[in-house]
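Letter by letter, the chains look like this.
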Amino acid sequence: MDLDLSEEQQMIKDMTRGLLEEHCPVDVVREMEDDPTGYPAPLWKQMGEAGLIGVLIPEDRGGSGQTLVEAALIYEEIGRALAPTPHFVSGVLSAGLLLEGGSEEQQARWLPEIASGQAVLTPAWLEPDRGFGEAGVQLAAKAEGDDLVLSGVKRHVNYAAAADRLIVLARSDEGVELVLVDPRAEGVSLTQVRSQSGEAHYRVDLQDVRVAGSERIGRPGQGWELFERVLQRGIVLLAAQAIGGADRALEITVEYAKVRKQFDKPLGAFQALAHYMSDASTRIDGGRVLVHEAAWNDAQGRSIARFAPMAKLFACNTYKDATRMCCQVWGGVAFTLEYDAQLFFRRAKEMQLSWWDTRTLEERVAADVLDR
Amino acid sequence: MDFDFSPEEQKFADEVEEWLVANHDPVVMDPTRENFSQLADTPERRAFMKKLAKQGWLGMSWPKEYGGQEIEGVYEYILNEALSRHAAPQIGKGVGIIGKTLIRHGNEKLKQEFLPKILSAEVEFAVGYSEPQAGSDAANMQLKAEKVEGGWKLNGQKMWTTSAHFADWYWVGARTDPDKPKHDGLSLFLIPMDHPGLEVQSLPTVGKDTTNQVFFEDVFVPDDYLVGKRGQGFQMISEALDLERFTMFTLSPISERTRVLVEWVKEATRDDQPLREAPDTRRLIANIVTDTAVAKALSTRFVCAAKSGGKPPTIQSSQYKLFTTTLSQRVCDEALDITGAAGTIREGQDEAPIRGRFEGAYRATMNETVGGGSSEIQKNIIARRHLGLPKNF
């Protein structure tokens, strides 16, 4: 047993932190809120050049071919910096779907460009008034000759305006399909919907959008299986991101609690407040090890059917609870937009509700524990 | 990064597991005794400790010159987790706190008298630190030790001496220098538990087992039985906690409770429907299992810090204890929520779910967030040493 990072892992972590500190200070984070593109081009370019976007993409496809452990270290830094990027939707989910189910042609076409940051792809998954499960995918995919014709509405499509392709989850007679769709194609319309965190989210309306059958990823009807598998790995990284965010929020709060005085004492000298922070640090430090354990098990080729949802469940709940607590310690100023605590507070709740929410994750853990 | 034991560690873990299965004895291994199962308090359980001694598993981390094997403490951690998973008595007090303190600070006489007996499991100790006025404020011990001809005369009272009713020797902190600052006026003594000046009074608890208070009336202790240097008692007590990194308290009883609960939920029914299909139960189980995994993660963190051999893993140990004991109580609480009204049936009756295991554990675990450094003490430690917040009391 050993929790130390290897030299190379430490290097990746330090490099990511340095890069984000330089290209994504908090004023950039603030500027990007509600921005239609949603991420700063210089940051994205730097991440591509540093090999961070392609962390999970094999080297022969232009990536750096690392394991989920290295990716988790990067995501913890992304979380700390609150960095707004399409990394998750493009470098993790879209690249993962292409790697798991894409044809040679699709992989060769997209993976190197995803890794460099030149292309951005994003899944179009959720639908209004539908859930996170397979039954939630109802957007119609009608087969017409070799083509698929898509009609329906998607919501919570991140970075859609900047995307070169959407990967639309649609329902055909065969089941769920994953279809590469150009967001500029005829019949596709994007409407920005402002989210709690200010991340660039879109509603996507598809009306009789005709796509060649060759744009399908995987076999007919295989879409959900692929998507579930890729997302299951992906949520470990969101858990890492949540831990990073919680850790940074606690850090700035602890610093404030050392200098801000009331009743002639620093806030941190009041047990009522100090104990909140001790509790949060315990959950954050424990959550981090759980995330690493999940990632490490994946890197060993072991199943993470239980670890992955446990990691996101615990990390996102911790992020949410810790940031609310932090705002309480800051007091009235946390309520103002001027202070940074609210940046973490809003993102924490959004992360908990996104990419499998608490109920979905609990059910996945329960299924693994009770139904096998 | 590696979450597995090394091949050698795994081999030892397998060996211990195999041995414990082969030596299973329900009289010795009783999970319903919860935390008290760690005590060697009956003839059968003492005989079991002797068998452990024969295996060479006592004092593994001690120096060779005192009969140890000088192997890494992580093997004692592996052993203790296995013992507690089987609800067998554990190593810790004698081999750990007392043995290690004697090795570092004891005089030749005490070393010769006690160290071999600890290794052969021929002696059981009771530890007397707490007093009516020295709970969380551990350095506030008032038990009076007066210098007399050839030794010391002790008068006063100890509280919460769990092992006082069966132990052979008493490891006691007493105030030898009342004029010095409170941390510098304490000394450690070894006293035979059958000393006529000691009166052990049993205190029934809300759990199944009892603890004790002990009264001292003119208890004479010869000079040789003052451990280490006069006035260094508190420093030795603290040091022992740092030295004894691996056997402080185990995770297995908690993860075992989670396992027992899950197994029960898998089989139980409510209104003729499988309980495991009830959404409320599924949610509770998912969160209990998840938090048990976090407790395991914090334990891994603590063990890895201890293995590194650097600074004592004080922070990691505090975080682990804080989280795990809180979880331990919650598991019992929510297990009873899942069982519903049947959860009220007192432990030990066949009519109760799992024979009332969680009814009993709900009571027995009350003290986990208090004993061995309360949750509030742990939070103070984390706040000051980990977060660098100012002193807050």
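Scoring rules and cut-offs
- Residues numbered from 1 in each chain as written.
- Chains lettered and ligands numbered in written order.
- Predicted model: local features only at pLDDT ≥ 70, side-chain atom pairs only at ≥ 80, totals over all residues.
- Heavy atoms only, no water.
- Helix = DSSP H or I, 4+ residues; strand = E, 2+ residues; numbered from the N terminus.
- Rg over C-alpha atoms; globule rule 2.2 N^0.38 Å.
- Buried < 20%, exposed > 50% of the residue type's maximum accessible area, 1.4 Å probe, protein only.
- Areas by Shrake-Rupley, 256 points an atom, 1.4 Å probe, with all protein chains shown as cover.
- Contact = heavy atoms within 4.5 Å.
- Domains from an automatic or database assignment.
- Buried area = accessible area lost by both parts, 1.4 Å probe.
- Salt bridge = Lys/Arg side-chain N within 4 Å of Asp/Glu carboxyl O.
- Polar contact = N/O pair within 3.5 Å; in protein donor to acceptor, adjacent residues only side chain to side chain.
- Nonpolar A, V, L, I, M, F, W, Y, C, P; charged D, E, K, R; others polar.
- Core = buried A, V, L, I, M, F, W, Y, C linked by side-chain atoms within 4.5 Å.
- Axes fitted to C-alpha atoms, helices over the stretch in contact; angles between N-to-C directions.
- Left-handed = near helix turned anticlockwise from the far one by under 90°.
- Phe/Tyr/Trp six-rings, centres within 6.5 Å; stacked < 30°, edge-to-face > 60°.
- Pairing = 2+ DSSP bridges.
- Expected span 1.5 Å × (residues − 1).
- Parallel < 35°, antiparallel > 145°, perpendicular 65-115°, else oblique.

Focus: the overall build of chain A
The number of helices and strands found in chain A is eleven helices and ten strands. What you see for chain A is a C-alpha radius of gyration of 21 Å, in line with the 21 Å of a compact globule of 372 residues. Expressed as lengths along the three principal axes of its C-alpha atoms, the size of chain A is roughly 80 × 45 × 45 Å. Buried positions account for 59% of the 372 residues belonging to chain A. If you sum the accessible surface of chain A, you get close to 14,600 Å²; carbon and sulfur atoms cover 47% of it.

Some remarks on the overall build of chain B
Counting its regular elements, chain B contains eleven helices and ten strands. Relative to the globule expectation of 21 Å for 393 residues, the C-alpha radius of gyration of chain B, 22 Å, shows essentially globular dimensions. In terms of overall dimensions, chain B has C-alpha extents of about 75 × 50 × 45 Å along its principal axes. Across the 393 residues that make up chain B, the buried fraction comes to 56%. Restricting the contact set of chain B to residue pairs at least 6 apart, pairs at least 24 apart contribute 69%.

Some thoughts on the domain arrangement of chain A
Residue and element names in this part refer to chain A. When the domains of chain A are assigned, the result is domain 1 (7-119), domain 2 (122-220) and domain 3 (224-370). In this structure, domain 1 and domain 2 have C-alpha centres spaced 23 Å apart. The interface is formed by 22 residues belonging to domain 1 together with 23 residues belonging to domain 2. With both sides pooled, the region where domain 1 packs onto domain 2 buries about 1,600 Å², and carbon together with sulfur makes up 59% of that total. On the domain 1 side of the contact with domain 2, Asp34, Leu97 and Trp110 bury the most area, a combined 32% of that side's loss. At the junction of domain 1 and domain 2, the tally comes to one salt bridge. Applying the counting rule to domain 1 against domain 2 returns eight residue pairs in polar contact (both at pLDDT 80 or more). Secondary structure elements with two or more residues in the side of domain 1 that touches domain 2: α5 (87-101) and α6 (104-116). The element best represented in the side of domain 1 that touches domain 2 is α5, accounting for six residues. Across the side of domain 1 that touches domain 2, the residue classes break down as eleven nonpolar, eight polar and three charged.

So, the pattern of salt bridges
Close approach of charged atoms allows side chains of opposite charge to pair. Residue and element names in this part refer to chain B. Under the defined criterion, the tally for this structure stands at 63 salt bridges over all chains. With a shortest N-O distance of 2.8 Å, Arg357 and Glu34 are connected by a salt bridge. One end of the pair, Arg357, is in helix α10 (residues 357-364); the other, Glu34, is in the loop between α1 (7-22) and α2 (43-54), and 323 residues separate them in sequence. Both residues of the pair, Arg357 and Glu34, count as buried.

Remarks on the interface of chain B and chain A
The partner chain A presents 46 residues to the 45 residues of chain B that form the contact. Interface area, chain B with chain A, both sides summed: about 4,100 Å², of which 64% is carbon and sulfur. Looking only at chain B, the three residues that lose the most surface to chain A are B:Met1, B:Phe3 and B:Arg282, adding up to 21% of its buried area. Taken together, the connections running from chain B to chain A amount to seven salt bridges. Linking chain B with chain A are 21 residue pairs in polar contact (both at pLDDT 80 or more), by the criterion used here. Among the secondary structure elements, those contributing two or more residues to the side of chain B that touches chain A are α7 (252-267), α8 (279-307), α9 (314-339) and α11 (375-386) of chain B. Sorting elements by how many residues they give to the side of chain B that touches chain A places α8(B) first, with 18 residues. Residues of the side of chain B that touches chain A, tallied by class, amount to 23 nonpolar, eight polar and 14 charged.

So, the domain arrangement of chain B
Residues and elements named next belong to chain B. What the domain assignment lists for chain B is domain 1 (7-124), domain 2 (126-229) and domain 3 (251-386). Just the C-alpha atoms count here: the centres of domain 1 and domain 3 sit 25 Å apart. At the interface, eleven residues of domain 1 touch 14 residues of domain 3. Summed over both partners, the interface of domain 1 with domain 3 buries about 1,100 Å², with 46% contributed by carbon and sulfur atoms.

With respect to the nonpolar core
By size, the foremost hydrophobic cluster in this structure holds 244 residues, and its most contacted members are A:Trp125, A:Leu150 and B:Leu154. Top element by residues in this core is helix α7 (residues 223-259) of chain A. It accounts for 20 residues.

A look at the environment of A:Arg30
All names here are of chain A. Inspection of the secondary structure puts Arg30 in helix α2 (residues 26-32). Each C-alpha atom of the pair Arg30 and Pro84 lies 9.6 Å from the other, and the pair is 54 residues apart in sequence. A polar side-chain atom of Arg30 sits 2.9 Å from the main-chain carbonyl oxygen of Leu337.

Topic: the side chain of A:Gln222
Residue position: A:Gln222 is located in the loop between β8 (216-217) and α7. Of note is the side chain of A:Gln222, whose polar atom sits 2.9 Å from the backbone nitrogen of A:Arg219.

Quick word on the packing of helix α4 (residues 93-105) of chain B against helix α6 (residues 233-243) of chain B
All names here are of chain B. At a minimum axis separation of 9 Å, α4 and α6 run at an interaxial angle of 115°. Considering how the two elements wind past one another, α4 and α6 form a crossing that is right-handed. Of α6, the residues touching α4 (which contributes Ile97, Lys100, Thr101, Arg104 and His105) are Met236, Glu239, Ala240 and Leu243. Residue classes in the contact of α4 with α6 are distributed as four nonpolar, two polar and three charged.

Digging into the packing of aromatic side chains
Residues and elements named next belong to chain A. For the structure on display, the rule yields 25 aromatic pairs over all chains. Arranged with centres 6.4 Å apart and planes meeting at 75°, the rings of Tyr75 and Phe88 form a pair that is edge-to-face. Placement of Tyr75 in helix α4 (residues 68-81) and of Phe88 in helix α5 is noted, with a sequence separation of 13 residues between them. Note on accessibility: Tyr75 and Phe88 belong to one class, buried. Linked through ring pairs, Tyr75, Phe88, Trp125, Phe132, Trp224, Phe227 and Trp355 together constitute an aromatic cluster.

Focus: the environment of B:Ala40
All names here are of chain B. Looking at the element boundaries, Ala40 is found in the loop between α1 and α2. A relative accessible area of 4% places Ala40 in the buried class. For the pair Ala40 and Glu124, spaced 84 residues apart in the sequence, the C-alpha separation amounts to 7.6 Å. If we skip the residues at most four places from it in the chain, Ala40 touches Arg45, Arg46, Met49, Pro89, Glu124 and Phe166.

Overview of the pairing of strand β2 (residues 140-144) of chain A
Bridge count between β2(A) and strand β3 (residues 147-158) of chain A: five bridges; the pairing is antiparallel. For A:Ala143, the partnering residue across the bridge sits in β3(A) and is A:Leu148.

Some points on α8(B)
Residue and element names in this part refer to chain B. Over its 29 residues, α8 runs 42 Å from end to end, which matches the ideal 42 Å to within 8%, given 1.5 Å per residue. Along α8, 23 of the 29 residues are buried, which leaves the element largely enclosed by surrounding structure. Positive backbone phi, at 75°, marks Gly309, one or two positions downstream of α8.

What to know about the packing of helix α8 (residues 271-299) of chain A against helix α9 (residues 307-330) of chain A
Residues and elements named next belong to chain A. In contact at an axis separation of 9 Å, α8 and α9 are set at 155° when each is read in the N-to-C sense. One element, α8, and the other, α9, form an angle in the roughly antiparallel class. Once α8 is placed against α9, the crossing between them reads as left-handed. Each of Leu273, Tyr276, Met277, Ala280, Arg283, Ile284, Gly287, Leu290, Val291, Glu293, Ala294 and Asn297 in α8 lies in contact with α9, whose residues at this interface are Phe307, Met310, Ala311, Phe314, Asn317, Thr318, Asp321, Ala322, Met325, Gln328 and Val329. Each residue belonging to the contact of α8 with α9 can be placed in one class, and the counts come to 15 nonpolar, five polar and three charged.

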